[in-house]
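Structure at a glance
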Amino acid sequence: MEAPNNEQVPNDLKFESRLNLSELQDSVLKIKSQLKKVIVGQKNMMDLLLVAILSDGHVLIEGVPGVAKTITAKLLAKTIDVDFSRIQFTPDLMPSDILGTSVFNVKSSEFEFKKGPIFSNMVLIDEINRAPAKTQAALFEVMEEQQITIDGKTFKMTAPFVVLATQNPIEQEGTYRLPEAQLDRFLFKINVDYPNAEEELQILLKEQALENTSKTSKIETVITGDKIVAFRNLVNQIKIEENLLTYIANIVVNTRSNSFLYLGASPRASIAILSASKAFAAIDGRDFVTPEDIKNATIPVLEHRVIVTPEREMEGLSSKQIIEQIIESVEIPR
């Protein structure tokens, strides 16, 4: 006979987490609460941005102008007590404009390095595809190495160091397409859609209520940069069973043998799914990864790392649809 639904679970059978994730969960809720004061909808973007920060990853946000890409990044930075800088990429931007340059000091008769805007904890790059390849390459080197070397001296970025980059998928005139090898440096690519009619109304109501105040004035700082670093250490301790590691490997390997894809994902993608799935688990208050965490991480991790064959692209198939098919075809561990 089946036990009744209201039967109490014995105390010795109740799940207890090895890690204390309550402060992490509370901080995530506080950040979301602050963002929702201004941002309407965009739940997926908020979730993925927070997962990326906890996973020590960078994010590419793609969407048409006016869908809150930039303002969300700015507001997110304000909720965390860290240095923030914004760089508008343009066709005439040089590597020294973002990294910094050596300037001669007349008093000391020596060259001194003046740090550029990249030396910040959270860096917003607006329209990353508008700068030439040389400048893009300089940025990606810093993103990967988290340090730069100028005149033989190495300067390390201060943790947490996160780059949030935006790009417009429609307007391509005067832009420099990001190579696949550089796109791979981003943990996630977040596609931001238009709001629906109800959300559009809420946006107008919030805008009307602002009157003469700025959007950022409504946002409070709720967490420190040191806490983010501590939370990252917690996320790294999240457990994952070997059969789930096999599950991740099978998904990624399937992208390499799929006839609909011209280019599959690299081992860096597997590591990215692993890191992101741990962060999803931590936000959910669990010290172990589930297949659902892996599914949540897979599409934003893989979507920008694979290339659809020209034939399938002409048929209207997107990389997201193909990844969804791959996830469905791979057996879920039991």
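Coordinates for the structure precede this section.
Worth saying up front: this structure is predicted, and the values here are computed from it rather than measured.

Our focus in this paragraph is the overall build of the protein. Of the regular secondary structure elements, the protein holds 13 helices and 13 strands. Taken over the C-alpha atoms alone, the protein extends approximately 90 × 50 × 45 Å along its principal axes. Burial statistics for the protein: of 334 residues in total, 46% are counted as buried. For the protein, restricting intrachain contacts to residue pairs at least 6 apart in sequence, the fraction spanning at least 24 positions comes to 78%.

What follows deals with the pattern of salt bridges. With the rule as written, the count across this model stands at 16 salt bridges. Between D56 and R232 there is a salt bridge; the shortest N-O distance is 3.1 Å. On the criterion of sequence distance, the pair formed by D56 in the loop between α2 (43-54) and β1 (59-62) and R232 in helix α8 (residues 225-236) is long-range, its members being 176 residues apart. Residue classification places D56 among the partly exposed positions, given a relative accessible area of 36%. Residue D184 is joined to R305 by a salt bridge in which the shortest nitrogen-to-oxygen separation is 2.5 Å. Here D184 is found in the loop between α6 (180-183) and β10 (188-191), whereas its partner R305 is found in the loop between α11 (291-302) and β13 (307-308), with 121 residues between them in sequence. Classification of R305 as buried rests on a relative accessible area of 6%. A network of salt bridges, in which partner residues are shared, links K32, K43 and D47.

Glancing now at the nonpolar core. Core analysis: the largest hydrophobic core is formed by 72 residues, its most contacted members being L164 and F188. Ranked by residues supplied to this core, first place goes to α2 with nine residues. Setting aside its immediate chain neighbours within four residues, F188 contacts L48, V51, A52, H58, V59, L60, A276, A297, P300, V301 and H304. Counting 28 residues, the second-largest nonpolar core is a separate cluster that includes L99, V123, L139 and M143.

Direction vectors running N to C along helix α9 (residues 242-257) and α11 enclose 30°, while the axes themselves pass 11 Å from each other. Viewed along their axes, α9 and α11 adopt a mutual orientation that is roughly parallel. Judged by the sense of rotation from one axis to the other, the crossing of α9 with α11 is right-handed. Facing L244, Y247, I248, I251 and T255 of α9, the residues of α11 in contact are P291, I294, K295, T298 and L302.

All right, on to the environment of V306 then. Along the chain, the position of V306 falls in the loop between α11 and β13. Using a relative accessible area of 8% as the deciding quantity, one classes V306 as buried. For the pair V306 and I322, spaced 16 residues apart in the sequence, the C-alpha separation amounts to 9.7 Å.

Another point: the pairing of β1. Burial along β1 is two-sided: V59 and I61 facing one way and L60 and E62 facing the other are all buried. Of the pairings in the sheet, the one linking β1 to strand β9 (residues 162-167) comprises four bridges and is parallel in character. Bridging across to β9, E62 finds its partner in Q167. Sheet analysis places β1 next to β10, joined by four bridges and oriented parallel.

Here we come to the packing of aromatic side chains. A complete count under the given rule lists four aromatic pairs for this structure. On the numbers, 6.0 Å between centres and 70° between planes, the contact of F113 with F119 is edge-to-face. By relative accessible area, which is 18% here, F113 ends up buried. Since its relative accessible area comes to 19%, F119 is described here as buried.

What the five strands build is an open sheet, ordered β3-β6-β9-β1-β10; its pairing is parallel. With one partner strand each, in any of the chains shown, β3 (84-88) and β10 form the two edges of the open sheet. Across this sheet, the average inter-strand angle for adjacent strands is 20°, counted without regard to direction. Summarising the sheet, β3 and strand β6 (residues 122-126) pair through five bridges and their orientation is parallel. Residue pairing across strands places R86 opposite L124, the latter belonging to β6.

Calculation notes
- Residues numbered from 1 in each chain as written.
- Predicted model: local features only at pLDDT ≥ 70, side-chain atom pairs only at ≥ 80, totals over all residues.
- Heavy atoms only, no water.
- Helix = DSSP H or I, 4+ residues; strand = E, 2+ residues; numbered from the N terminus.
- Buried < 20%, exposed > 50% of the residue type's maximum accessible area, 1.4 Å probe, protein only.
- Contact = heavy atoms within 4.5 Å.
- Salt bridge = Lys/Arg side-chain N within 4 Å of Asp/Glu carboxyl O.
- Core = buried A, V, L, I, M, F, W, Y, C linked by side-chain atoms within 4.5 Å.
- Axes fitted to C-alpha atoms, helices over the stretch in contact; angles between N-to-C directions.
- Parallel < 35°, antiparallel > 145°, perpendicular 65-115°, else oblique.
- Left-handed = near helix turned anticlockwise from the far one by under 90°.
- Pairing = 2+ DSSP bridges.
- Phe/Tyr/Trp six-rings, centres within 6.5 Å; stacked < 30°, edge-to-face > 60°.

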